[in-house]
Amino acid sequence: MRIGVIIAMDIEYRQMHDALGGDTGRLGNNEIILWQCGIGKVNAAVGTMRLIQEHHPDAIISTGLAGGIDPQIRVMDILAATQCVYHDVDCGTGLGCSRGQVQGLPERFDADKRLLDHVLEVPCDAGLRTGLICTGDQFITDRERQTLIKRNFVDGLACDMESAAIAQTCYLMGLPFLSLRVISDTPGNTDNHQQQWEQFLASMCDTSFQFVKKYLETL
């Protein structure tokens, strides 16, 4: 199987590049294409389309960092998203839309069942969670904004800036998709988010990214 692995930030890309040993190659029975899209929903959607058009993958994995928004989530946990939703989209109930839903599209974008089920078959040295990831064009840095997202999406476990846009693109193109994210920070569970974020960056080990590698090797 040819798998596109799409990632946003430079620091994420370098970590995943080192774990995979390059931009392209083989892991197990799979051909892997590592692709950097840039930060945010538009970059994510455009990057996903370019990846699809240029490399024709059979499935796409979004990986990188995400911020935890639930008390059970800890820094360095791995979240396999069962669903993705936009936390900054509100088309209005008058148009028959739920919060986070783009008119004419699903309320939430489901992970591919085969890709998701395999996550639970891979040995994991970190905390492994499954659940909802919320996407928006905001880097969440404080308890107030996290609380608002959690109030609107009570089952949300983490937030990022790309997953739902990649999921939407894959939905429209008929491609299997999974978001597999490492928790980098928990802004609502600390009084000094900046320090937590900087400590994560300074001590960021490749344990979680090695999990992604093992996942791809055995898929």
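Shown above is the structure to which this text applies.
As a starting point, this report considers the structure included with it. Since this is a predicted model, take the numbers as computed values, not measurements. The written sequence of each chain sets the order in which its residues are numbered from 1. Thresholds applied to this predicted model are a pLDDT of at least 70 for local features of residues and 80 or more for the giving and counting of side-chain atom pairs; totals over whole chains, interfaces and linings are not thresholded and use all residues. Excluding hydrogens and water, the side-chain figures rest on all heavy atoms present in the structure.

Overview of helix α5 (residues 163–173)
Stated precisely, the cut-off is as follows: The buried label applies to any residue whose accessible area, calculated with a 1.4 Å probe on protein chains only, is under 20% of its type's maximum; exposed applies above 50%, and partly exposed to all values in between. The secondary structure listing takes helices from DSSP runs of H or I that are at least 4 residues long and strands from runs of E that are at least 2 residues long, numbered from the N terminus.
Counting buried positions along α5 gives eight out of eleven residues, so the element sits mostly inside the fold. By the burial criterion, the buried members of α5 are S163, A164, A165, I166, A167, Q168, T169 and C170.

Brief notes about the environment of L34
Selection criterion: Contacts are assigned to residue pairs with any non-hydrogen atoms lying within 4.5 Å of each other.
As for its placement among the helices and strands, L34 is situated in strand β3 (residues 30–36). Along the primary structure L34 and T24 are separated by ten residues, whereas in three dimensions their C-alpha atoms are 6.1 Å apart. For L34, the contacting residues outside a window of four places in its chain are V5, I7, Y13, M16, H17, L20, G22 and D23.

Focus on the pairing of strand β1 (residues 2–7)
Rule in force here: In this description, strands pair whenever DSSP reports at least two bridges between them.
Within β1, five of the six residues are buried, which leaves it mostly tucked inside the rest of the structure. Where β1 lies against β3, six bridges are found, and the strand directions are parallel. When the sheet's bridge partners are listed, I6 is paired in β3 with W35. Pairing between β1 and strand β4 (residues 59–68): four bridges, direction parallel. Looking across to β4, one finds that G4 is bridged to I60.

Concerning the packing of helix α2 (residues 41–55) against α5
Keep this limit in mind: Angles shown run from 0 to 180 degrees and are taken between the N-to-C directions of axes, each axis being a line fitted to C-alpha atoms and, for helices, limited to the stretch in contact. Any angle that falls under 35 degrees is termed roughly parallel, while one over 145 is termed roughly antiparallel, one within 65 to 115 roughly perpendicular, and all others oblique. A clockwise turn of the near helix away from the far one marks a right-handed crossing, whereas an anticlockwise turn of less than a right angle marks a left-handed crossing.
Where α2 contacts α5, the axes come no closer than 8 Å and their chain directions differ by 40°. The orientation of α2 with respect to α5, classified from their angle, is oblique. Taken as a pair, α2 and α5 cross one another with a handedness that is right-handed. Across the interface between the two elements, K41, A44, A45, T48, M49 and I52 from α2 touch A165, I166, T169, C170 and M173 from α5.

Points about unusual backbone geometry
Backbone geometry places H56, a non-glycine residue, at a positive phi of 50°. You can see H56 is positioned in the loop between α2 and β4. Looking at H56, the relative accessible area reads 55%, which means it is exposed. Not every positive phi belongs to a glycine, and M76 is a case in point at roughly 85°. Within the secondary structure layout, M76 lies in the loop between β4 and β5 (78–86).

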